[in-house]
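Notes for the structure review
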Amino acid sequence: MKYAEAAGLVKFDFLGLKTLTTIFETVKLVEKTRGIKINITNLKLDDAETFKMLASGDSVGVFQIESSGMRSVLRQMRADKIEDIIALISLYRPGPMDNIPTYIRRKHGEEKIIYPHPLLENVLCETYGVIVYQEQVMEIANILAGYRLGAADLLRRAMGKKIKEEMDQQREIFVEGATKNGVNKKKAAEIFDLVEKFAGYGFNKSHAAAYALIS
């Protein structure tokens, strides 16, 4: 993997999920036994009955969200949109789990939503001001410090690998870029520290969204 990347090649991971087979076989059985045709690629993502079921924690056997811990969080979160499932799949891991109570309290209006900087509201409003995804880290670097998206991806990777030399260099670039954008130097350094903390275990949203769709 590492040698392929160093040579300039792109690596793709293809995940074979038995859940897809289960869904495929279920669709066939429903049509055969009940005469109901289901287009699995055209399901409503805002079905009230589905979210009522999930909010009650009734998700045993549902891809990714069937553990007792997941079911407990579903009940607390009272998930009512696909974005909640995407966030839950991303947050329910060592490290990010610490942010689940904040996400839930802010979702239900029990805690004020605070953004690290007003410029970041559009990036973080979907997750109530909590940095959850790698894509958010890249957007923050782009909007606040003027990173091009390619450079923002390098920043994300450097944060994930925690290489001190790279991080010191990136901190300097980030703070300088943010300062040019009118952000106070001290505030820029604080935001970099915050982003670095989240980037170490931030999840890839596109991956989580695909998983949430299967769920």
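In this report, we go over the structure that sits alongside the text. In this text the structure is predicted, and so the values were computed from the model without any measurement. (Residues numbered from 1 in each chain as written. Predicted model: local features only at pLDDT ≥ 70, side-chain atom pairs only at ≥ 80, totals over all residues. Heavy atoms only, no water.)

In this structure, Ile65, Ile85, Ile89, Ile140, Met159 and Phe174 are the most contacted members of the largest nonpolar core, which totals 57 residues. Tallying contributions element by element places helix H5 (residues 82-91) first for this core, with seven residues. Residues in contact with isoleucine 140, not counting those within four places in the same chain, are Leu120, Val123, Leu124, Ile131, Ala145, Phe174, Ile191 and Val195. (Core = buried A, V, L, I, M, F, W, Y, C linked by side-chain atoms within 4.5 Å. Buried < 20%, exposed > 50% of the residue type's maximum accessible area, 1.4 Å probe, protein only. Helix = DSSP H or I, 4+ residues; strand = E, 2+ residues; numbered from the N terminus. Contact = heavy atoms within 4.5 Å.)

Backbone geometry at arginine 78 places phi at a positive 50°, although glycine is not the residue there. With respect to the element layout, arginine 78 can be found in the loop between helix H4 (68-77) and H5. In this structure arginine 78 comes out as partly exposed when scored by relative accessible area, which is 45%. Despite not being glycine, tyrosine 128 shows a phi value in the positive range, around 60°. Among the secondary structure elements, tyrosine 128 is positioned in the loop between helix H7 (121-124) and helix H8 (134-145). Judged by its relative accessible area of 12%, tyrosine 128 is buried.

Right, let's get into the packing of helix H9 (residues 149-161) against helix H11 (residues 185-199). Between H9 and H11, the shortest axis-to-axis distance is 8 Å and the interhelical angle comes to 70°. The angle between the axes of H9 and H11 places the two elements in the roughly perpendicular class. Taken as a pair, H9 and H11 cross one another with a handedness that is right-handed. Here Leu155, Met159 and Gly160 of H9 come into contact with H11, specifically with Phe192, Val195, Glu196 and Ala199. Per-class residue counts for the contact of H9 with H11 are five nonpolar, one polar and one charged. (Axes fitted to C-alpha atoms, helices over the stretch in contact; angles between N-to-C directions. Parallel < 35°, antiparallel > 145°, perpendicular 65-115°, else oblique. Left-handed = near helix turned anticlockwise from the far one by under 90°. Nonpolar A, V, L, I, M, F, W, Y, C, P; charged D, E, K, R; others polar.)

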